[in-house]
Each structure stands twice: as C-alpha cells, then as structure tokens.
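# Structural overview for review
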Amino acid sequence: RPEIAAQCTLINFIATERGLEDQLLAKVVELERKDLEDKAKELTESAVNFKIQLVELEDELLERLANAPDDILSDVPLIEGLEATKKTAKEINEAV
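Structural notes, computed from the coordinates.

## Description of the pattern of salt bridges
Two side chains bearing opposite charge may form a pair once their charged atoms approach each other closely. For the structure shown, the criterion picks out six salt bridges. When the shortest N-O distance is used, the salt bridge between D35 and R33 registers 3.1 Å. We classify D35 as partly exposed; its relative accessible area is 45%. Between R64 and E60 there is a salt bridge, with the nearest N and O atoms lying 2.6 Å from each other. Remark: E60 and R64 occur in helix α3 (residues 34-66); sequence separation between them is four residues, near one turn of the helix. The exposure class of R64 is partly exposed, given its relative accessible area of 30%. A single network of salt bridges, built from pairs that share partners, joins E30, K34 and D38.

In structure tokens form, the structure reads like this:
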C-alpha cells in the first residue's frame with residue numbers, strides 16, 4: 001500500500017539515532033532513578049511555561065505599541081509596562 005510506505009518513510013525521517021538514544025536513556029533513568037526523571041520532567045515543563053510566558057509578553061507588548069498614541073513617551077502606563085516586560089523577560093532568560 002502506498003500510504004503505508006509513505007508513513008514508514010516519514011517515520012524514517014523523524015526517528016533519529018540521537019532521539020532514540022534520548023528516549024532509551026530516559027527509560028533507564030526512570031527505572032533506576034525515578035527522582036532524577038521527575039526532576040528532568042519538571043525542568044522541561046518549567047522551560048516550556050517560561051517560553052509560553054515570553055510569547056505572551058511579546059504579544060502584549062506589540063499590542064500596546066500598536067495602540068500607543070503618537071507621543072509614546074507621554075504614555076506612562078506603556079513605559080511602565082515596557083520596563084516590567086523587560087525585567088520579566090530578563091528573569092526568564094536567566095532561569096532558562
């Protein structure tokens with residue numbers, strides 16, 4: 001069947017040796033040191049949440065700038081928002 005061959009070809013491109021090694025290592029660590037695997041999952045989840053937060057901050061910032069008046073410097077809440085966004089982004093980048 002052609003559709004099965006196409007799916008197998010797709011799988012061959014997706015499954016890399018490095019990816020398989022990572023999966024196998026994760027399984028071994030999970031069996032032998034559950035605490036390490038849990039910590040790795042927790043760190044991965046935190047990193048994903050940080051990236052989502054960065055995207056949300058960027059979107060909010062772009063929306064504020066798009067709706068800003070002609071004289072941006074007179075918009076105090078916008079300037080304060082920019083500073084808060086910059087500070088939060090710096091903290092996230094340091095955490096990641």
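## Thoughts on the packing of α3 against helix α4 (residues 76-95)
Relative orientation of the contacting elements α3 and α4 amounts to 160°, with a least axis distance of 10 Å. Between α3 and α4, the interaxial angle falls into the category roughly antiparallel. When you trace α3 past α4, the crossing you get is left-handed. Here α3 contributes F50, Q53, L54, L57, L61, R64 and L65 to the contact with α4, which in turn contributes P77, L78, G81, L82, T85, T88, A89, I92, N93 and A95. Considered class by class, the residues forming the contact of α3 with α4 number 11 nonpolar, five polar and one charged.

What counts as what
- Residues numbered from 1 in each chain as written.
- Predicted model: local features only at pLDDT ≥ 70, side-chain atom pairs only at ≥ 80, totals over all residues.
- Heavy atoms only, no water.
- Salt bridge = Lys/Arg side-chain N within 4 Å of Asp/Glu carboxyl O.
- Buried < 20%, exposed > 50% of the residue type's maximum accessible area, 1.4 Å probe, protein only.
- Helix = DSSP H or I, 4+ residues; strand = E, 2+ residues; numbered from the N terminus.
- Axes fitted to C-alpha atoms, helices over the stretch in contact; angles between N-to-C directions.
- Parallel < 35°, antiparallel > 145°, perpendicular 65-115°, else oblique.
- Left-handed = near helix turned anticlockwise from the far one by under 90°.
- Contact = heavy atoms within 4.5 Å.
- Nonpolar A, V, L, I, M, F, W, Y, C, P; charged D, E, K, R; others polar.

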